[in-house]
Amino acid sequence: MGLVCLATVRADSWLPACPAVYVAPAGAYRFVVMPSGRVDTSVCTRVAQQPEFAARPSSPERATGTLERRSGDGWVQVWAHELSNPVSPVRAAVSDTGRVATFDNWHGVGWGDDVVVLFDTQGRPVRQMGLADFLPLAYVHALPRTVSSVWWAGEHAFTADGRALRLQVVVPDADPERPRPVEQKPPRVSLLVDADTGRVDPEAPSAWALALAQARQADALLCAQEVAWSQRELAPREPPPPAAAQADWTQYGDEVLRRLRPAPDGDLALQSCVFNAPALADSRQVQACLREAFDAARDTPSELLLIAPDPAALWAAIQPVLASLPAASLKGARLYVAAAPAQQAGVVRALSATGAEVVVFDPTQPVLPTASVRDALRSHYDAGDGRDAMGNCGPDARVDRLQ
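The notes below deal with the structure included here.

The rules behind these values
- Residues numbered from 1 in each chain as written.
- Predicted model: local features only at pLDDT ≥ 70, side-chain atom pairs only at ≥ 80, totals over all residues.
- Heavy atoms only, no water.
- Pairing = 2+ DSSP bridges.
- Helix = DSSP H or I, 4+ residues; strand = E, 2+ residues; numbered from the N terminus.
- Axes fitted to C-alpha atoms, helices over the stretch in contact; angles between N-to-C directions.
- Disulfide = S-S within 2.5 Å.

## A word on the sheet that holds strand β6 (residues 100-105)
Across a sheet, strands are paired by hydrogen bonds formed along the backbone, either parallel or antiparallel in direction.
Move 1: One open sheet holds the four strands; their spatial order is β5-β6-β7-β8, and the pairing between them is antiparallel. Of all strands in the sheet, those with a lone pairing partner are β5 (89-94) and β8 (125-129), marking the two edges. Adjacent strand axes in the sheet meet at a mean angle of 10 degrees when their direction is disregarded.
Move 2: In terms of strand pairing, β5 meets β6 through five bridges, oriented antiparallel. Note on β6: the bridge partner recorded for A92 is T102.

## Examining the sheet that holds strand β15 (residues 334-338)
Move 1: Reading across the sheet, the four strands line up as β13-β14-β15-β16 and stay open at both edges, with parallel pairing between neighbours. The outermost strands of the open sheet, each flanked by one partner alone, are β13 (269-274) and β16 (357-361). The sheet shows a mean angle of 10 degrees between the axes of neighbouring strands, taken without regard to direction.
Move 2: Bridge count between β13 and strand β14 (residues 302-307): six bridges; the pairing is parallel.

## Notes on the state of the cysteines
Move 1: The final tally for this structure, using the stated rule, is three disulfides.
Move 2: Covalently, C223 is tied to C393 through a disulfide, its sulfur atoms 1.9 Å apart. Judged by the torsion about the S-S bond (-110 degrees), the C223/C393 disulfide is left-handed. Taken as a pair, C223 in helix α4 (residues 205-234) and C393 in the segment after α10 (371-379) lie far apart in primary sequence, 170 residues in all.
Move 3: Across the disulfide from C273 sits C289; the S-S distance is 2.2 Å. Given an S-S torsion of about -105 degrees, the disulfide between C273 and C289 has left-handed geometry. In this pair, C273 sits in strand β13 while C289 sits in helix α7 (residues 283-299), placing the two residues 16 residues apart along the sequence.
Move 4: Of note for the protein: the bonded cysteines, numbered N- to C-terminal, pair according to 1-2, 3-6, 4-5.

Here's what the structure looks like:
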């Protein structure tokens, strides 16, 4: 069962990663990042032709980083090795003392255990952190998100003496659903990471306290929504009235499927024939949908969702289509079929002859999620506080304190 973030989530897109060079403020050091694999010269045309990237080796599986020290008019390598990033870090910073830090993963800002990686002057990791390693879990939860990323960061840099890394962290809006213009930069608060130990402390405790207070408010709103969503997913799904709009029956079918589908659900394509009472009366439409669905499942194993408010009429429409199918022709498919209790044994027996797995339910009664569905939903969340690793709240989450 897919998890959802109920705050406003914007779409985003990523171009291929290009080589990048980061120079220390005084120019004594530079850090060169090569993304994994071959450089896409159609995107990275100018960058790929720059001398600092020419003939520089790269790894097929990981980004590589090279720290160089200025020597006269040239550069001398200090260290070079693969980084933790499968594609590339999104950015990096270099101090005038030869310290390096990388930030985030290409295609996924804020995700992973290497959101911040701090290196010493010899390229040895001092500390590698995910967001929850230096931010309270509820704070992480409150940060703005898009489809791919958690947008937590501003511009990071080492302090002038190189003894600390200054992280600029976005301050969550107390109302996460409040629209904000894309061009408007959110406020930020600074955290200092000790360059020798990796310890993280707020630079201005009063500003940090205000940021925590806003995160608390946003987290409570989001968590309440997510708890309600999860509890709805675990509740019995009542059928709509027979003559309800087709959209209502389609939504009902989606929710029935989520309650009955085994977990994990695999990669089967879905063929859906869901009818309200008026649609079920159109025999031509019903037959066309059923034949198309069964034919598709013959070509490629699929899930078939077959629902109507009158299960006897639905089964009468299915039988001519079923009679035209060779035995075992739906092997690997899974059928969810609305059937009255008195019909269910016969429906399962007839449809099982096709080789498909068959799940029947009564469309006149509430549909409960299976035990495996309930367990799968809860398995995403910690049993103690009811949250997942990014602070999202499950059906049993508590919101009475900042995690």
